[in-house]
Amino acid sequence: MMNPITTYAPGRAELLGNHTDYNEGFVLAIAVDRGTTIRGQARDDRQIHLHSREFGKTQVIALDRLTSEKVEPWSRYTLGVVDQFRRNDLPVEGFDAEISGNLPLGAGLSSSASLEIATVLFLMKAFGARLEPMQMAHFAQMAEHDFVGVRCGLLDQISSLMSKAAHATFIDCRSFKIRHVPFPDKTSFILANSGVKHALVASEYNERRSDCETAAHALGVKALRDVTSEMLQSHKSDLADRIRRRALHIVGENERVLAGSDALQQGDIARFGKLMFASHESSRVNFENSCPELDQLVETARQTPGVYGARLSGGGFGGATINLVEAGREDEVIRALTASLPGVDCLVTKAADGALEHAASHPTL
Ligand code: ADP
Ligand code: MG
């Protein structure tokens, strides 16, 4: 039997910078301390046997007959990466693999990117491709575009791959330069999954994305990254109300990420928390990617001692909020959140290592 291979990639949480990635703006993210593991080995018959422990399902497909229509939706994240390897003439053969993970799925923690990144690492190890980190993230992203049909930005994949424990990852989504900003001690994060799943997430997401493109086009810039609050103010009458509010959100988020990164450098956690609340308010009013349950969780957080800041994290339209809390007060905060929205599922995490750091510190995996 060929050598079994194990790879792991964590989920991520967006700290600040909502929907800024595809607008070529700024994001602060962390990797969480949960993720997806892939275990398996190469086969010599060009067949793929993929099993998901969470779904209790197996997808079998011949490598040479691989298209997204022929395979079940859950398997498209992995098989989309296989497809990217093939399209880019990277070495890939048949394999057996089992997916298992401890992330909540569809909860805004990007189990999808963690699965894609774990797959990229798995294929590299199994078949010997050598890729730069940014190429790895890119293939994972393209797998989701082409095979799943979600035009996600690169944020999820980069933060799953390149984050560092006890740091926030600052990503410039134009230059794709990454910076690790030390996170003040004695804080932790509570990710509060509302349990709400919007049926139209993919179409809402794509709609927001095209609204942003419309705004950039109307303002005569390549992307909303190039717009400042002042510019937006002076072109107010050129934009339809909805488009203007979408732009206002992105421009405000970019400014908040820069301010938040400064606040972290100075260890000013209170200021950082305020920026998180402001971010949520802008999601609610301008980008309209919140929902009553997320608003309720953020409002409760605002009134609970020990919480520095809270906001929706990820695409929105349901999913989770991220709460920055004083270490030691997690239980009180979880009690308050649960009382305000019964059924909320809370998970405590620190800023964790991304897949690259993880692989480096667990070389036997
Ligand atoms: P999120 O990325 O926020 O968790 P998505 O809808 O983007 O939500 O991705 C979740 C989807 O990813 C699942 O519905 C499933 O198709 C796939 N997925 C993630 N983890 C697994 C897993 N362990 N087994 C099978 N499919 C998975
Ligand atoms: Mg996802």
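Attention here is on the structure that accompanies the text. What you see is a predicted model; the values in this text were computed from it and never measured.

Overview of the overall build of the protein chain
Okay, so step 1: Helix and strand counts for the protein chain stand at 11 helices and 11 strands.
Okay, so step 2: For 365 residues, the compact-globule estimate of 2.2 N^0.38 gives 21 Å, and the protein chain sits close to it at 20 Å.
Okay, so step 3: The principal-axis extents of the C-alpha atoms in the protein chain amount to approximately 60 × 50 × 35 Å.
Okay, so step 4: By the burial criterion, 57% of the 365 residues in the protein chain qualify as buried.
Okay, so step 5: A sequence separation of at least 24 residues applies to 72% of the contacts in the protein chain between residues at least 6 apart.
Okay, so step 6: As displayed, the protein chain offers around 14,800 Å² of accessible surface, 50% of which is attributable to carbon and sulfur atoms.

Remarks on the nonpolar core
Nonpolar side chains tend to gather and get buried jointly when the protein is soluble and globular.
Okay, so step 1: Counting residues in each nonpolar core, the largest one holds 47 residues, and the members touching the most others are Leu79, Val82, Phe85 and Leu123.
Okay, so step 2: Counting residues per element, the ones that place at least two in this core are β1 (5-16), β2 (26-42), β3 (47-52), α1 (76-87), β5 (95-101), α2 (111-127), α3 (133-148) and α4 (155-162).
Okay, so step 3: When residues no more than four places from it in sequence are discounted, the contact partners of Leu79 are Ile48, Leu50, Gln59, Ile61, Leu66, Val71 and Phe147.
Okay, so step 4: Formed by 26 residues, the second largest nonpolar core is a distinct cluster that contains Ala13, Leu16, Phe26 and Phe170.

Remarks on empty space enclosed by the protein
Okay, so step 1: Overall, the coordinates contain one cavity of 30 Å³ or more when judged by the stated rule.
Okay, so step 2: Computed from the structure, the largest cavity encloses a volume of approximately 50 Å³.
Okay, so step 3: Residue lining of the largest cavity: Pro104, Ala107, Leu109, Leu191, Ala192, Asn193, Ala320, Asp345 and Leu347, and that is the complete set.
Okay, so step 4: Among the elements of the structure, β8 (187-197) and β11 (345-349) are those that each provide at least two residues to the lining of the largest cavity.

Things to note about the site of ligand 1
Okay, so step 1: Surveying the vicinity of ligand 1 reveals 15 residues, the closest of which are Ser52, Glu54, Gly106, Ser111 and Ser112.
Okay, so step 2: Glu54 places a polar side-chain atom, nitrogen or oxygen, 2.9 Å from a nitrogen atom of ligand 1.
Okay, so step 3: Out of a free accessible area of 560 Å², ligand 1 has 81% covered by protein chains.
Okay, so step 4: Assessed atom by atom at 2 Å from the grid points, ligand 1 resides in the largest pocket.
Okay, so step 5: In terms of residue count, α2 provides more of the shell around ligand 1 than any other element does, three residues in total.
Okay, so step 6: For the shell around ligand 1, the class distribution of residues is eight nonpolar, six polar and one charged.

Side note on the pattern of salt bridges
Okay, so step 1: Counted under the stated rule, the structure contains 28 salt bridges.
Okay, so step 2: Two residues, Arg46 and Asp64, come together in a salt bridge whose shortest N-O distance is 2.9 Å. With Arg46 in the loop between β2 and β3 and Asp64 in the loop between β4 (57-62) and α1, this residue pair connects regions lying 18 residues apart in the sequence.
Okay, so step 3: For Asp211, the salt bridge is made with Arg246, and the minimal N-O distance between the two is 3.1 Å. Of this pair, Asp211 sits in helix α5 (residues 201-218) while Arg246 is found in helix α7 (residues 241-265), placing the two residues 35 residues apart along the sequence. Both residues of the pair, Asp211 and Arg246, count as buried.

Some thoughts on unusual backbone geometry
Okay, so step 1: Of note, the phi angle at Asp89 is positive, near 55 degrees, even though the residue is not glycine.
Okay, so step 2: By secondary structure assignment, the location of Asp89 is in the loop between α1 and β5.
Okay, so step 3: Positive phi outside glycine occurs at Lys186, with the angle close to 60 degrees.
Okay, so step 4: Position of Lys186 among the secondary structure elements: in the loop between β7 (178-182) and β8.

Conventions we followed
Residues numbered from 1 in each chain as written. Chains lettered and ligands numbered in written order. Predicted model: local features only at pLDDT ≥ 70, side-chain atom pairs only at ≥ 80, totals over all residues. Heavy atoms only, no water. Helix = DSSP H or I, 4+ residues; strand = E, 2+ residues; numbered from the N terminus. Rg over C-alpha atoms; globule rule 2.2 N^0.38 Å. Buried < 20%, exposed > 50% of the residue type's maximum accessible area, 1.4 Å probe, protein only. Contact = heavy atoms within 4.5 Å. Areas by Shrake-Rupley, 256 points an atom, 1.4 Å probe, with all protein chains shown as cover. Core = buried A, V, L, I, M, F, W, Y, C linked by side-chain atoms within 4.5 Å. 1 Å grid on protein atoms, 1.4 Å probe; cavity = no way out; pocket = protein on both sides within 12 Å on 5 of 7 lines; lining within 4 Å. Points joined across faces, edges and corners; volume = space filled by probe spheres on them. Near = heavy atom within 4 Å. Polar contact = N/O pair within 3.5 Å; in protein donor to acceptor, adjacent residues only side chain to side chain. Sits in = over half its atoms within 2 Å of the grid points. Nonpolar A, V, L, I, M, F, W, Y, C, P; charged D, E, K, R; others polar. Salt bridge = Lys/Arg side-chain N within 4 Å of Asp/Glu carboxyl O.

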